[in-house]
Amino acid sequence: MNKNNPNNSESSPKHVTALFVAAFFWGTTFVAQSIGSKNVDAFTYLTCRSYIGTLFLLPFIFFRDKAASQKNPENYTPEKKKASRKNHAKAGIICGFFLFAASFSQQYGIAFTTTAKASFITTMYVVIVPVLSIFIGKKPSARIWIAVLFSVSGLYFLSIRGALQISLGDGMVMLCSVLFALQIMSVNHFTPKTDSLKLSCCMFFTVAILSTISMFIFENPTFIGIGKALPAILYAGIFSNGVAYTCQVIGQKGVSPSIASLIMCLESVFGALSGCIIQGERLSGRELLGCVLMFTAVLIAEVKLPQRKTAKQ
């Protein structure tokens, strides 16, 4: 096992909890995205939430680094600071590109499909990530594939009613699922070598720059539209970007990408539950079964049965 890559080791409660927090805020953001798409276009929404996410993290980074530099000035020499900036910029650009492409595909697609279908298709990265892991020499165990089967079944019961027909919006959300899987894999690659807050901040800033350019080329943003969508944008920027994606980076430091994707796909469950609590929606027996199956999937992936002790020869 590579000691420099801690996410190949046993999952720790701290990292698993961070991924649960990420899933919770992503799930509750589905409603905000749907509301926001009615008032602003996809690139405008993405631009605003990304700048908010960046600005949200900057004070934490500044004050933490200021205190750390006073305590250990040898770690903050000009040479080390330059190397750190270069390393985080590279990681942020790569992770940010995949996040930008995935977020745009999702935001564009969600305007042409239902929130339930979008949440189901988006979280198909739970299947794509283990498949991609095979190509980089990390073959998931049989237990992980069983968990994936439970998770996909749960997602279907939770999100889909009637025939699963594919529309333009569904196709864009499918593309988003592939791109989110690549984002998860890229975060997994860079987390052992980077600071969680700085990687998240650089990632959001990359998304903000790319979406700003795209916004002015393809859209006509107005302050009136942004004002109407502002509550949804603020929630997504602070909690989905600033908190959840930072929790993802922290969580993936100690969890394999296959297990991380299983935990994070619980965003669909949290989305359904938040709809019940906030909007007064009721879960049917089919949807409750879906929630149970998805939580069961995480338990299958995370709970390890005690091994039988063998007698010494």
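Residues numbered from 1 in each chain as written. Predicted model: local features only at pLDDT ≥ 70, side-chain atom pairs only at ≥ 80, totals over all residues. Heavy atoms only, no water.

1. So, the pattern of salt bridges
Then step 1. For the structure shown, the criterion picks out three salt bridges.
Then step 2. For Arg-64, the salt bridge is made with Asp-65, and the minimal N-O distance between the two is 3.3 Å.
Then step 3. The exposure class of Arg-64 is partly exposed, given its relative accessible area of 31%.
Then step 4. Here Asp-65 makes a salt bridge to Lys-198, at a shortest N to O gap of 2.9 Å. With Asp-65 in helix α2 (residues 42-71) and Lys-198 in helix α8 (residues 196-218), this residue pair connects regions lying 133 residues apart in the sequence. Neither Asp-65 nor Lys-198 differs from the other in exposure class; each is buried.
Then step 5. Residues participating in the shared-partner salt-bridge network are Arg-64, Asp-65, Asp-195 and Lys-198. (Salt bridge = Lys/Arg side-chain N within 4 Å of Asp/Glu carboxyl O. Buried < 20%, exposed > 50% of the residue type's maximum accessible area, 1.4 Å probe, protein only. Helix = DSSP H or I, 4+ residues; strand = E, 2+ residues; numbered from the N terminus.)

2. What about the environment of Gly-154?
Then step 1. Relative to the helices and strands, Gly-154 is located in helix α6 (residues 142-159).
Then step 2. Looking at Gly-154, the relative accessible area reads 0%, which means it is buried.
Then step 3. In contact with Gly-154, other than residues within four places in its own chain, are Gly-290, Leu-293 and Met-294. (Contact = heavy atoms within 4.5 Å.)

3. Focus on the nonpolar core
Then step 1. Grouped together as the largest cluster of nonpolar side chains are 66 residues, with contacts concentrated most on Leu-99, Tyr-125, Phe-180, Tyr-245, Leu-262, Met-264 and Leu-266.
Then step 2. Of the residues forming this core, the biggest block, ten residues, is contributed by helix α7 (residues 168-190).
Then step 3. Residues contacting Leu-266, with those up to four places away along its chain left out, are Phe-20, Ala-23, Met-294, Phe-295 and Val-298.
Then step 4. Judged by nonpolar contacts, the second largest core, of ten residues, contains Val-40, Tyr-45, Cys-48 and Ile-226. (Core = buried A, V, L, I, M, F, W, Y, C linked by side-chain atoms within 4.5 Å.)

4. Examining the side chain of Gln-183
Then step 1. Within the secondary structure, Gln-183 sits in helix α7.
Then step 2. Judged by its relative accessible area of 1%, Gln-183 falls in the buried class.
Then step 3. Residues in contact with Gln-183, not counting those within four places in the same chain, are Cys-95, Phe-98, Leu-99, Met-203, Tyr-245 and Gln-248.

5. Here's the deal with the confidence of the model for the protein chain
Then step 1. Chain-level pLDDT for the protein chain is 82 on average; 85% of the residues reach the 70-or-more range.
Then step 2. The least confident element of the protein chain is helix α4 (residues 115-122), whose mean pLDDT is 70; the most confident is α8, at 94.
Then step 3. The low-confidence segment residues 1-9, where pLDDT is below 50, has 17 contacts with residues more than four positions distant or belonging to other chains.
Then step 4. Below a pLDDT of 50 lies the segment residues 307-313, which in the model reaches zero contacts outside its immediate sequence neighbourhood of four places, other chains included. (pLDDT = per-residue confidence, 0-100.)

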